[in-house]
Amino acid sequence: MSGTEENNFQEKSFSKKLISWHKLHGRHNLPWQANTNPYEIWISEIMLQQTQVSTVLQYYEKFIKKYPTIKDLSSSRLENVLELWSGLGYYRRAEYIFKTSQIIKEKHNYIFPETYEELIQLPGVGKSTAGAILSLAYNKKFPILDGNVKRVIKRYFAIRGDQNNEKNLWEISEYLLPKKNNNIYTQSIMDLGSKICMKNNPLCEKCPIKLKCKSFELGLTNVIPEKIEKIKRKNKKLFFFLIQHPNDKNLILMKKNDNKGLWANLWSLPLFEKEKNYKEFLKNNQIESKKIIYLNFAHDLTHLKLDIIIYKVDAKMSNKFNNYNWKNIYDIIGVSKPIIKVIKKLKEDINNEKSNVLKIKKRA
Ligand code: SF4
């Protein structure tokens with residue numbers, strides 16, 4: 001859409017309609033909506049990047065309980081923040097949150113910044129997150145452009161082809177802002193995208209802006225947003241080794257990852273990308289090289305398509321593993337999703353084994 005040519009859309013009614021709709025049909029019970037605390041809104045916005053509300057809810061509540069203020073968070077350690085983030089994915093976000101808490105402590109004396117210029121300097125805060133904090137916490141007139149908002153705008157104006165670019169979408173998002181009640185408007189357009197103008201099968205009949213929606217009028221709701229060619233993910237194979245302690249099956253060998261690269265700072269099973277490296281590891285540590293595939297599954301990251309193979313091997317000795325520690329599977333926190341999966345299966349197997357032994361004893 002070019003600005004002047006489309007100004008006759010009278011979009012001021014767009015925000016009014018959304019704000020009225022939100023009163024009755026919007027989401028009002030999300031925990032970060034309970035007040036306008038910028039700290040809580042910031043945590044929720046960072047968690048919501050790349051993650052669904054339903055998943056974020058459980059993590060958010062635990063996080064705020066442990067770190068109710070920026071002061072609490074800044075006096076913690078990155079390791080503890082990562083533990084709480086365990087399983088939520090995109091772990092870089094936890095690091096950004098921790099770094100930001102240090103910046104706010106040192107530069108802002110624990111007071112959350114309230115200007116766009118200051119917010120945009122914070123690690124992990126992009127234009128849309130800064131807009132959401134300013135609008136939701138401070139009721140300032142700033143646009144956002146998250147996935148839900150993009151979809152609503154693209155459909156409403158039937159944006160396709162050359163017009164389908166970030167610059168144009170930001171201009172429209174800014175143009176649509178109401179003169180007041182920006183906090184309610186921002187929440188309402190996010191809610192519309194999430195509850196009505198959904199990715200598949202939007203509920204147009206229930207939509208408060210359907211009368212002026214171009215995609216609805218032209219029957220294009222299943223065509224727009226046009227599919228953008230996805231980034232081609234690279235295929236990668238990773239070999240993990242599940243090694244149980246010879247005297248205690250609940251103990252497994254783990255190592256803390258470096259602070260760079262895949263799953264930085266999280267705990268991991270011994271991981272190898274090449275066969276040559278794991279053979280050396282097995283030999284050096286006198287581990288039985290007869291290995292069995294315990295699990296094999298795919299795991300997608302933003303740029304990688306991982307083929308994960310978990311080998312189970314027997315350790316004959318219980319010590320002298322440089323840089324590795326024996327960790328109890330019931331105490332492990334701060335691990336990636338694939339490792340959560342392995343530990344879950346291992347717990348099930350150990351429990352099944354125990355109940356089978358009991359059954360045999362009873363029969364005998
Ligand atoms: S009418 Fe349908 S396509 Fe248009 S904004 Fe509403 S839900 Fe989305």
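Undergrad: Can you help me understand the packing of helix H9 (residues 147-156) against helix H10 (residues 166-175) in this one?
TA: To characterise two packed helices, one gives the angle between the axes of the helices and the distance between these axes. One way to put it is that H9 packs onto H10 with a least axis distance of 10 Å and a crossing angle of 90 degrees. With respect to each other, H9 and H10 are oriented roughly perpendicular. Contacts between H9 and H10 involve Val149, Lys150, Ile153 and Lys154 from the first element and Glu166, Leu169, Ile172 and Ser173 from the second.

Undergrad: Would you mind going over the pattern of salt bridges with me for this structure?
TA: Two side chains carrying opposite charge are able to pair once their charged atoms lie near each other. The tally for this structure, following the rule as stated, stands at 13 salt bridges. With a closest N to O distance of 3.0 Å, Arg92 and Glu95 form a salt bridge. Of this pair, Arg92 and Glu95 both sit in helix H6 (residues 92-108), separated by three residues, roughly a single helical turn. Each of Arg77, Glu79 and Lys256 takes part in a single network of salt bridges with overlapping partners.

Undergrad: What's the story with the site of the ligand in this structure? I'm lost.
TA: Taken together, Arg155, Ile196, Cys197, Cys204, Cys207, Ile209, Lys210, Cys213, Phe216 and Thr221 form the complete shell of residues around the ligand. In terms of residue class, the shell around the ligand is built from seven nonpolar, one polar and two charged.

Undergrad: Looking at this structure, how should I read the nonpolar core?
TA: In globular proteins that are soluble, nonpolar side chains generally tend to be buried together. Ranked by size, the top nonpolar core spans 86 residues in total, and within it Tyr39, Trp42, Ile43, Phe63 and Ile310 carry the most contacts. Taken domain by domain, the makeup of this core includes at least three residues from each of domain 1 (7-218) and domain 2 (234-363). Those residues within four positions of Trp42 in sequence are excluded, and the remaining contacts are Ile70, Leu73, Ile97, Thr100, Ser101, Phe112, Val125 and Ile133.

Undergrad: Honestly, the domain arrangement of the protein in this entry has me stumped. Any pointers?
TA: Per the domain assignment, the segments of the protein are domain 1 (7-218) and domain 2 (234-363). If you look at the interface, domain 1 gives 10 residues, while domain 2 gives 14 residues. Summing the contributions of domain 1 and of domain 2, the shared interface buries around 910 Å²; its carbon and sulfur component is 53%. Summed over the shared surface of domain 1 and domain 2, the number is one salt bridge. Of the charged contacts in the structure, one is a salt bridge between Glu79 and Lys256, with a shortest N-O distance of 2.7 Å. Counting across the interface, domain 1 meets domain 2 through three residue pairs in polar contact (both at pLDDT 80 or more). Those elements that place two or more of their residues in the side of domain 1 that touches domain 2 are helix H5 (78-85) and H6. The greatest single-element share of the side of domain 1 that touches domain 2, amounting to four residues, is contributed by H5. By residue class, the composition of the side of domain 1 that touches domain 2 is four nonpolar, two polar and four charged.

Rules used throughout
- Residues numbered from 1 in each chain as written.
- Predicted model: local features only at pLDDT ≥ 70, side-chain atom pairs only at ≥ 80, totals over all residues.
- Heavy atoms only, no water.
- Axes fitted to C-alpha atoms, helices over the stretch in contact; angles between N-to-C directions.
- Helix = DSSP H or I, 4+ residues; strand = E, 2+ residues; numbered from the N terminus.
- Parallel < 35°, antiparallel > 145°, perpendicular 65-115°, else oblique.
- Contact = heavy atoms within 4.5 Å.
- Salt bridge = Lys/Arg side-chain N within 4 Å of Asp/Glu carboxyl O.
- Near = heavy atom within 4 Å.
- Nonpolar A, V, L, I, M, F, W, Y, C, P; charged D, E, K, R; others polar.
- Core = buried A, V, L, I, M, F, W, Y, C linked by side-chain atoms within 4.5 Å.
- Buried < 20%, exposed > 50% of the residue type's maximum accessible area, 1.4 Å probe, protein only.
- Domains from an automatic or database assignment.
- Buried area = accessible area lost by both parts, 1.4 Å probe.
- Polar contact = N/O pair within 3.5 Å; in protein donor to acceptor, adjacent residues only side chain to side chain.

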